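# Remarks on the overall topology
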Amino acid sequence: MAKLDEQIQILDFPDLGDERGNLVVVEGGIAVPFDIRRIFYIYGSDAEVIRGCHANLRSEFVMINVSGTSRVKVDNGHETRIIELNRPRMGLYLKSNVWKEMYDFSPDSVLLVLSNEHYDPEEYVRDYQEYLKMVRK
Ligand code: TYD
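Owing to the predicted nature of the structure, the values given are computational and were not obtained by experimental measurement. (Residues numbered from 1 in each chain as written. Predicted model: local features only at pLDDT ≥ 70, side-chain atom pairs only at ≥ 80, totals over all residues. Heavy atoms only, no water.)

### Focus on the overall build of the chain
- Regarding its fold elements, the chain presents 2 helices and 10 strands.
- When the helices and strands of the chain are listed from N to C terminus, the series reads α-β-β-β-β-β-β-β-β-β-β-α.
- Along the longest, intermediate and shortest principal axes, the C-alpha atoms of the chain span 55 × 35 × 25 Å.
- Within the span of the chain, comprising 137 residues, buried residues form 42% of the whole.
- As presented, the chain carries roughly 7,900 Å² of accessible surface, and 49% of it is formed by carbon and sulfur atoms.
- Taking the 17 positively charged and 23 negatively charged side chains of the chain as two groups, their mean positions are separated by 5 Å. (Helix = DSSP H or I, 4+ residues; strand = E, 2+ residues; numbered from the N terminus. Buried < 20%, exposed > 50% of the residue type's maximum accessible area, 1.4 Å probe, protein only. Areas by Shrake-Rupley, 256 points an atom, 1.4 Å probe, with all protein chains shown as cover. Lys, Arg positive; Asp, Glu negative; His and termini not counted. Charge placed at Lys NZ, Arg CZ, Asp CG, Glu CD.)

### Here's the deal with the site of the ligand
- The immediate surroundings of the ligand are formed by Arg38, Phe40, Ile42, Arg51, Gly52, His54, Tyr119, Tyr124 and Arg126.
- At a separation of 2.5 Å, an oxygen atom of the ligand approaches a polar side-chain atom of His54.
- For the ligand, whose unbound accessible area comes to 520 Å², protein coverage reaches 59%.
- If you list the elements that add at least two residues to the shell around the ligand, you get strand E2 (38-43) and strand E3 (51-56).
- Here the residues of the shell around the ligand sort into 4 nonpolar, 2 polar and 3 charged. (Near = heavy atom within 4 Å. Polar contact = N/O pair within 3.5 Å; in protein donor to acceptor, adjacent residues only side chain to side chain. Nonpolar A, V, L, I, M, F, W, Y, C, P; charged D, E, K, R; others polar.)

### Here's the deal with the layout of surface pockets
- Its boundaries defined by the atoms lining it, the largest pocket holds a volume of some 160 Å³.
- Phe40, Ile42, Arg51, Gly52, His54, Phe61, Met63, Lys100, Met102, Val113 and Tyr124 together form the lining of the largest pocket.
- Among the elements of the structure, E2, E3, strand E4 (61-67) and strand E8 (99-103) are those that each provide at least two residues to the lining of the largest pocket.
- For the lining of the largest pocket, the leading source of residues is E3, giving 3 residues.
- Taken together, the residues that form the lining of the largest pocket break down as 7 nonpolar, 2 polar and 2 charged. (1 Å grid on protein atoms, 1.4 Å probe; cavity = no way out; pocket = protein on both sides within 12 Å on 5 of 7 lines; lining within 4 Å. Points joined across faces, edges and corners; volume = space filled by probe spheres on them.)

### Concerning the pattern of salt bridges
- Taken as a whole and judged by the stated rule, the model has 9 salt bridges.
- Glu84 is the partner of Arg71 in a salt bridge, and the nearest nitrogen-oxygen pair spans 3.0 Å. One end of the pair, Arg71, is in strand E5 (residues 70-75); the other, Glu84, is in strand E6 (residues 80-85), and 13 residues separate them in sequence.
- The closest approach of N and O atoms between Asp104 and Arg71, which form a salt bridge, is 2.5 Å. (Salt bridge = Lys/Arg side-chain N within 4 Å of Asp/Glu carboxyl O.)

And the structure:
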């Protein structure tokens, strides 16, 4: 049985800023544990919206609230955890096959997501019961 602790990781990116302001660099294979093939970002989601609600067979992700805050509930079918993304230097790394839900978006939330894979709807598991069957067998 996979341990959630081994499937997720909080990343703390260094700040290379100076008196001119902050600078955070995220390089594939260095600051995040994969080569980056895709980025997308989510903003303008109201506080009551729940996004995500899926697991991915191959995609890994790093989520960064580059502005504002949100919460991510992660679930591996056995354990769940809620992580608040609340600073631009914090990343949440998720391996594949972790169920995730993003919610509690602040009005200024810009949630940047990096992935090791191009988009492929076929590798998304969007049915929670199907997900549980998959991870509990
Ligand atoms: P969806 O997976 O529902 O977004 P979220 O998980 O953030 O709630 O995606 C919304 C729409 O955007 C859906 O039609 C699929 C499309 N989409 C892409 O085409 N490429 C992508 O990389 C992503 C994340 C979504």
